[in-house]
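Survey of secondary and tertiary structure
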Amino acid sequence: MNTTSRPRPRAILRLHFHPAERSEELYGQLLAVVDGISSRVEPQPADWSAYADLTGALAYWGRDVEGLVAVLRLRLLALHGVRCSAGAGPTRSIAAIAADITPPGSANVVGDTPYEIAALLRTKATSALPGIGPQTAKTLARYGITTIGDIADTPPATLQRILGTTAARQAYDRAHGIDERPVVPGAVPRSMSASHRFDRDELDLDRHHRRALGLVQDLGGRLRTGGEIAQALTLTLTYADRTQTTLTLTEPTAHTPALAANARQPLTGLGLQRARVRTIALRAERLRPVEDTVRQLTLDGRDDKLHRLETGLDKATARYGPGITGAAAAFPRAG
């Protein structure tokens, strides 16, 4: 008698949170709710989402995937008033695609049968497949490959000639519902924020820029004091509606000129000539130890001079208190 049993299929969940107001504290609280259902939770703070591996939790809770996802969604709503888009399936890719097409307050659970997987995947655009970016999608389209089903039907050798060996194998497998990537539990990457609320709705562009520079100097000093660097900077402007612009720095940094350059770019591009701004906030995200910094070599000493100036300003601030120093030149002018 053959006693070998079929391995239990994985149950991977992708959640997109849709709160009315976003804060680091709330995101941590939402993750804690998910962790109460399954200890295997992988935060994705950049887009306010998370992965969770429910495979082991199903037996513990005595529920199927649909039932456990329903319990989790109910807890998030009851405890924090937050709706979510939930997608679940046997792989990360399938869970991600299912979540992306699901509206807030709903869930989409995909089974592990070939029919259910094909029904989800085949008609979707190639760009819906995790790992296929806009440029790759354009490249595939030039060869008439516009859907995930087209990827699945294309011979692997042909895909290799178009995408290269590794990318082709990855795309071919995921188009067939194969994705062995695990959910990797981890803590939410640390962040640091600073904000300024105007006494009244502010129309003056110069005041917008001066206040943003002040926030940059505040963040830069705190990062350097703590021996940390930021990998990303989020700018949030609050006015009639809320606008959030996120960009990734070209290299990890804690230096005010680099932070200022990355803050000024979206602030200038938003076209605020007629905007009444009430609050400006900056958040340094995905903090790492300063030892992880990789600096580019330059042909002049300007960067070194600026960094030495920063060190002097930091010492003055530490001795005399915040607000005693400021470097207006740290905010580069538009060329």
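To start, this report covers the structure provided alongside it. (Residues numbered from 1 in each chain as written. Predicted model: local features only at pLDDT ≥ 70, side-chain atom pairs only at ≥ 80, totals over all residues. Heavy atoms only, no water.)

Within the protein, the regular secondary structure consists of twelve helices and ten strands. Residues counted as buried form 41% of the 335 residues belonging to the protein. Within the protein, residue pairs in contact and separated by at least 24 positions form 66% of the contacts whose partners lie at least 6 positions apart. Total accessible area on the protein is roughly 18,600 Å²; 52% of this is exposed by carbon and sulfur atoms. (Helix = DSSP H or I, 4+ residues; strand = E, 2+ residues; numbered from the N terminus. Buried < 20%, exposed > 50% of the residue type's maximum accessible area, 1.4 Å probe, protein only. Contact = heavy atoms within 4.5 Å. Areas by Shrake-Rupley, 256 points an atom, 1.4 Å probe, with all protein chains shown as cover.)

To continue, consider the pattern of salt bridges. Counted according to the given criterion, the structure contains seven salt bridges. For Arg14, the salt bridge is made with Asp47, and the minimal N-O distance between the two is 3.1 Å. Here Arg14 is found in strand E1 (residues 12-18), whereas its partner Asp47 is found in the loop between strand E2 (41-44) and strand E3 (49-53), with 33 residues between them in sequence. Between Arg92 and Glu42 there is a salt bridge, with its nearest N and O atoms 2.7 Å apart. Of this pair, Arg92 sits in helix H4 (residues 92-100) while Glu42 sits in strand E2; the two residues are 50 residues apart in sequence, bridging distant segments of the chain. Just as Arg92 is buried, Glu42 falls in that class too. One continuous salt-bridge network, built from bridges that share partners, spans Arg174, Asp179 and Arg181. (Salt bridge = Lys/Arg side-chain N within 4 Å of Asp/Glu carboxyl O.)

Strand order in the open sheet formed by five strands is E2-E3-E1-E4-E5, and the pairing between neighbours is mixed. The open sheet has two edge strands, E2 and strand E5 (107-109), and neither has a second partner. Here the average twist between neighbouring strands, direction ignored, is 15 degrees. Pairing of E2 with E3 involves four bridges; the strand directions are antiparallel. Each residue of the ladder has a partner; that of Val41, found in E3, is Ala52. Contacts between helix H1 (residues 24-35) and the sheet are confined to E1, E2 and E3, with E2 contributing the most and set at about 160 degrees to the helix. (Pairing = 2+ DSSP bridges. Axes fitted to C-alpha atoms, helices over the stretch in contact; angles between N-to-C directions.)

Here the focus is the packing of helix H6 (residues 134-141) against helix H8 (residues 156-163). It is at 10 Å that the axes of H6 and H8 come closest, and there the two elements cross at 125 degrees. With respect to H8, the element H6 is oriented oblique. Two packed elements cross with a definite hand, and for H6 against H8 that hand is right-handed. Across from Thr136, Thr139 and Leu140 in H6, the residues of H8 making contact are Leu159, Ile162 and Leu163. Of the residues belonging to the contact of H6 with H8, the class tally is four nonpolar, two polar and no charged. (Parallel < 35°, antiparallel > 145°, perpendicular 65-115°, else oblique. Left-handed = near helix turned anticlockwise from the far one by under 90°. Nonpolar A, V, L, I, M, F, W, Y, C, P; charged D, E, K, R; others polar.)

Here His196 lies in strand E6 (residues 192-202). For His196, the side chain forms a polar contact with the side chain of Arg211, separated by 3.4 Å. Setting aside residues no more than four positions away along its own chain, His196 makes contact with Arg211, Leu215, Arg278, Thr279 and Ile280. (Polar contact = N/O pair within 3.5 Å; in protein donor to acceptor, adjacent residues only side chain to side chain.)

Once that is clear, we can look at the pairing of E1. Within E1, six of the seven residues are buried, which leaves it mostly tucked inside the rest of the structure. Pairing of E1 with E3, which is carried by five bridges, proceeds in the antiparallel orientation. When the sheet's bridge partners are listed, His16 is paired in E3 with Ser49. Of the pairings in the sheet, the one linking E1 to strand E4 (residues 83-89) comprises seven bridges and is antiparallel in character. Looking at E4, one finds that His16 is bridged to Ser85.

Remember that the coordinates give geometry; whether it matters functionally is a separate question.
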